[in-house]
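Chains, contacts and geometry: an overview
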Amino acid sequence: MSGIPLGVLDLVPVPSGSTAAEALHHSIDLARQTEAFGYARYWFAEHHLNPGVAGTSPAVVLALTASATSTIRIGSGAVQLGHRTALSTVEEFGLIDALHPGRLDLGLGRSAGRPPQRSAPEPPFEGHTPNGLRIPKAFSFAHLLDHPRVALQQHLLNLPGARPQDYAEQVDDVLALLRGEYRSPGGVEAHAVPGEGADVQVWILGSSGGVSAETAGRNGLRFAANYHVSPASVLEAAEGYRAAFKPSAELDRPYLTVSADVVVAEDDATARELAAGYAPWVRSIRTTEGAIPFPTPAEARALPWTDADGELVADRVETQFVGSARTVADHLDRLQEATGADELLITTITHDHADRVRSYRLLAEEWQRRSG
């Protein structure tokens, strides 16, 4: 069962005392190394106004990474369509595909700079699945939606007076442009060059069983469910996608990857030490401060911390898989079994680059042992 593929999700984290330039060099090095470790794909996320995250433009980082790797699939996890057009997205990925054909994953998300809003019912339960996977209490972003920093991000990402296109319609436009089938409501053709005919896999990323899952299913596309961001609704997302799925020329059955936040070390205690900065890092995101540079364990312990802080990040901390390769692989087996995932997408952040590389290496070695 552990023979299913593992992929990498990279936010291009900036550790404390480091720079964005160093973070980019480290991410490109990590892509090269995880390619050698046997990971199937390497995705870059998109985030803005975060001092501790340098992954602001997946297409730009992908273009750099494509030249440094040769076999691993590379992609976006995800391009945020809320402040882009379908045409600009297709053209950007068409440019990369023109030089690196057949390796690109175009992952599409719908955020426009606001925290995600639920469009489906609350998960049916909080606790553990029959096989032991933790499903925590759902976290609500409602109190953050009108925060001044959220409004500022929207202001800076969107042109004055612009309104985001309906997400499902925008995905339809992306697909039509890739296929060379785009027509305006008045019947005028548009052809993206480069972009039309590009050999890219289109994925939809989502955190619930709502619009994103339904859009992926309706179009017969691959879907990525975010356990690492919204662990409370991962089962709902997987079920919603499968319920909406219709076979397409691309897929005859649903195809799902599920993300997980992971830190692996030689033993459980060392891994817990390396993961010490995770809770304050998540707190900085959820207070709209913006992701802080990822702290060392000593820096993390020196930061002020309250019970309210612990509650703010509890769902993320208790669903981060931390430990030896055997411990973490057991958690990943449970995640795969509970969701029926066809792949798993691993995201790991540590302060030191060498520890991050080692985490991916140790996990890959254990995963390969189990599949052998």
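Here the structure is a predicted model, which is why all the values come from computation and not from measurement.

**Focus on the pairing of strand β5 (residues 104-109)**
- Within β5, six of the six residues are buried, leaving the element largely enclosed by the surrounding structure.
- Residues of β5 alternate between two faces, with Leu104, Leu106 and Leu108 on one and Asp105, Gly107 and Gly109 on the opposite face, all of them buried.
- For strand β3 (residues 73-76) and β5, the ladder comprises two bridges, and the chain directions are parallel. The partner of glycine 75 across the bridge, within β5, is aspartate 105.

**Notes on the confidence of the model for the protein chain**
- Averaged over every residue, the pLDDT of the protein chain is 94; the share at 70 or more is 96%.
- Residue range residues 113-120 is modelled with pLDDT below 50. Its contacts to residues more than four positions away, or to other chains, number 25 contacts.

**Looking at the environment of isoleucine 28**
- Within the element layout of this structure, isoleucine 28 appears in helix α1 (residues 20-37).
- On a C-alpha basis, the gap between isoleucine 28 and alanine 68 in space is 7.0 Å, while along the polypeptide they are 40 residues apart.
- In contact with isoleucine 28, other than residues within four places in its own chain, are Leu64, Thr65 and Ala68.

**Some details on the nonpolar core**
- Judged by nonpolar contacts, the single largest core of 98 residues is most densely connected at Trp281, Leu332 and Leu344.
- Apart from the residues lying within four places of it in its own chain, the contact partners of leucine 344 are Ile4, Pro5, Leu6, Gly7, Thr257, Val258, Leu332, Leu335, Gln336 and Trp367.
- One finds Ala265, Ala271, Leu274 and Val322 within the second-largest nonpolar core, a separate group that totals six residues.

**Let's talk about the pairing of strand β12 (residues 343-347)**
- Of all five residues that make up β12, five are buried, and the element is covered over most of its length.
- Here three bridges tie strand β1 (residues 6-10) to β12, and the two strands are oriented parallel to one another. Across the sheet, leucine 6 pairs through a bridge with leucine 344, a residue of β12.

**Some words on the side chain of histidine 83**
- Relative to the elements of secondary structure, histidine 83 occurs in the loop between β4 (79-80) and α3 (86-99).
- You can call histidine 83 buried: its relative accessible area is 17%.
- Within the structure, the side chain of histidine 83 is placed 3.1 Å from the side chain of glutamate 46, a separation counted as a polar contact.

Conventions used here
Residues numbered from 1 in each chain as written. Predicted model: local features only at pLDDT ≥ 70, side-chain atom pairs only at ≥ 80, totals over all residues. Heavy atoms only, no water. Buried < 20%, exposed > 50% of the residue type's maximum accessible area, 1.4 Å probe, protein only. Helix = DSSP H or I, 4+ residues; strand = E, 2+ residues; numbered from the N terminus. Pairing = 2+ DSSP bridges. pLDDT = per-residue confidence, 0-100. Contact = heavy atoms within 4.5 Å. Core = buried A, V, L, I, M, F, W, Y, C linked by side-chain atoms within 4.5 Å. Polar contact = N/O pair within 3.5 Å; in protein donor to acceptor, adjacent residues only side chain to side chain.

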